[in-house]
Amino acid sequence: MESLSHLTPIDREILNKSWGIVSKDMQQVAVNIFQMIFEQAPDAKLMFSFMMKDYKEDKKSNEFIFHAVRFLQVIESTMTHLDDPSQLDAVFLNLGKIHAKHEEQLGFSAHYWSVFKECVLFHFRKAMKSHNKFTKHKEMSFAEIDSAIILWREVLRFIIDRMKVGYCESGAIRKSNKQALRRRELSIIVPEYFICRRKSDVEISEHSSSPST
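Calculation rules
Residues numbered from 1 in each chain as written. Predicted model: local features only at pLDDT ≥ 70, side-chain atom pairs only at ≥ 80, totals over all residues. Heavy atoms only, no water. Helix = DSSP H or I, 4+ residues; strand = E, 2+ residues; numbered from the N terminus. Buried < 20%, exposed > 50% of the residue type's maximum accessible area, 1.4 Å probe, protein only. Salt bridge = Lys/Arg side-chain N within 4 Å of Asp/Glu carboxyl O. Axes fitted to C-alpha atoms, helices over the stretch in contact; angles between N-to-C directions. Parallel < 35°, antiparallel > 145°, perpendicular 65-115°, else oblique. Contact = heavy atoms within 4.5 Å. Nonpolar A, V, L, I, M, F, W, Y, C, P; charged D, E, K, R; others polar. Core = buried A, V, L, I, M, F, W, Y, C linked by side-chain atoms within 4.5 Å. 1 Å grid on protein atoms, 1.4 Å probe; cavity = no way out; pocket = protein on both sides within 12 Å on 5 of 7 lines; lining within 4 Å. Points joined across faces, edges and corners; volume = space filled by probe spheres on them. Phe/Tyr/Trp six-rings, centres within 6.5 Å; stacked < 30°, edge-to-face > 60°.

Draft legend 1. Quick peek at the environment of G20. Note that G20 resides in helix α1 (residues 9-22). On the accessibility criterion, G20 (31% relative accessible area) is partly exposed. For the pair G20 and M128, spaced 108 residues apart in sequence, the C-alpha to C-alpha distance is 9.7 Å.

Okay, structure coming up:
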């Protein structure tokens with residue numbers, strides 16, 4: 001199981017410093033990430049049909065912004081509990097179960113998580129580099145930014161792996177329930193089939209044994 005216990009004090013300092021930069025404009029970063037996800041996985045738009053009209057508009061609706069920011073709020077919660085992210089297990093497992101439900105109802109695919117991860121890393125790096133460009137005192141060197149991206153990849157992998165536990169558990173339960181329902185249906189259908197088949201065989205037998213005229 002993926003864990004963050006191996007992070008050193010320096011790793012945590014770099015993560016916190018980079019998050020401090022990214023979170024200064026969290027709403028815009030979230031919108032940029034969300035829009036890039038749609039560009040990299042256009043079929044993901046089907047999960048957010050009410051947002052499709054906002055996809056390429058410069059001014060995003062409140063609904064678009066709300067759902068985009070929710071993505072980063074999961075990361076924000078992880079940073080708040082970076083010393084003990086296991087406190088968020090219930091949150092991660094529930095998110096996994098929600099996505100399993102979305103798979104069945106809205107066409108969610110697990111590969112969207114990989115797309116999300118790469119889009120987050122792209123815009124986190126962009127935000128950090130942009131911050132350096134417009135401030136006299138560079139808070140992070142280019143080497144630190146590179147290190148931050150490596151660390152963020154580990155954090156995102158941890159979050160996704162924890163969500164996948166709930167996702168797989170829920171998927172297994174749904175599959176088991178479907179199989180049980182199918183067995184119940186067969187237990188009703190099969191006897192009726194044999195009854196009809198037996199009646200048909202009797203009719204054929206009676207017709208065959210009746211004297212021809």
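Draft legend 2. Quick look at the pattern of salt bridges. A complete count under the given rule lists six salt bridges for this structure. The shortest N-O distance in the salt bridge between D83 and R12 comes to 3.3 Å. Residue D83 is found in the loop between α3 (62-80) and α4 (89-106), and its partner R12 is found in helix α1; the two are separated by 71 residues along the sequence. The exposure class of R12 is buried, given its relative accessible area of 16%.

Draft legend 3. Spotlight on the environment of M128. For M128, the position within the fold is in helix α5 (residues 111-133). Classification of M128 by relative accessible area gives buried; the value is 0%. Sequence separation of M128 and F142 is 14 residues, and the distance between their C-alpha atoms is 9.2 Å.

Draft legend 4. Seen up close, the packing of α1 against α5. Packing of α1 against α5 leaves a shortest axis separation of 9 Å and a crossing angle of 80°. The angle between α1 and α5 places the two elements in the roughly perpendicular class. Here S18, W19, I21 and V22 of α1 lie close against α5, whose contacting residues are F124, A127, M128 and H131. Considered class by class, the residues forming the contact of α1 with α5 number six nonpolar, two polar and no charged.

Draft legend 5. Main features of the nonpolar core. Counting residues in each nonpolar core, the largest one holds 57 residues, and the members touching the most others are I33, I75, F124 and W152. For this core, the elements supplying multiple residues, two or more each, are α1, α2 (26-40), α3, α4, α5 and α6 (142-209). Per-element tally for this core: the top contributor is α6, with twelve residues.

Draft legend 6. Representation of the layout of surface pockets. Of the pockets and cavities examined, the largest pocket occupies roughly 660 Å³. What lines the largest pocket is a set of 24 residues, among which F48, F71, L95, H99 and H102 lie closest to the centre. Secondary-structure elements contributing two or more residues to the lining of the largest pocket are α2, α3, α4, α5 and α6. The biggest single contributor to the lining of the largest pocket is α4, with six residues. Of the residues that constitute the lining of the largest pocket, the class distribution is 20 nonpolar, three polar and one charged. Roughly 200 Å³ of volume is contained in the second largest pocket. Considering the residues around the second largest pocket, the lining is formed by I21, V22, K24, D25, Q28, V29, N32, H123, K126, A127, S130 and H131. Those elements that provide at least two residues to the lining of the second largest pocket are α1, α2 and α5. It is α5 that provides the largest number of residues to the lining of the second largest pocket, a total of five residues. Of the residues that constitute the lining of the second largest pocket, the class distribution is four nonpolar, five polar and three charged.

Draft legend 7. The packing of aromatic side chains, seen in detail. Here the structure, examined in full by the defined rule, presents 13 aromatic pairs. Between F34 and F64, the aromatic rings sit 5.4 Å apart at their centres with planes inclined by 80°, giving edge-to-face as the arrangement. Within this pair, whereas F34 is found in helix α2, its partner F64 is found in helix α3, the two being separated by 30 residues in sequence. Summarising the burial analysis for this pair, F34 and F64 share the class buried. Ring plane angle 85° and centroid distance 5.9 Å describe the contact between F92 and F158, whose orientation is recorded as edge-to-face.

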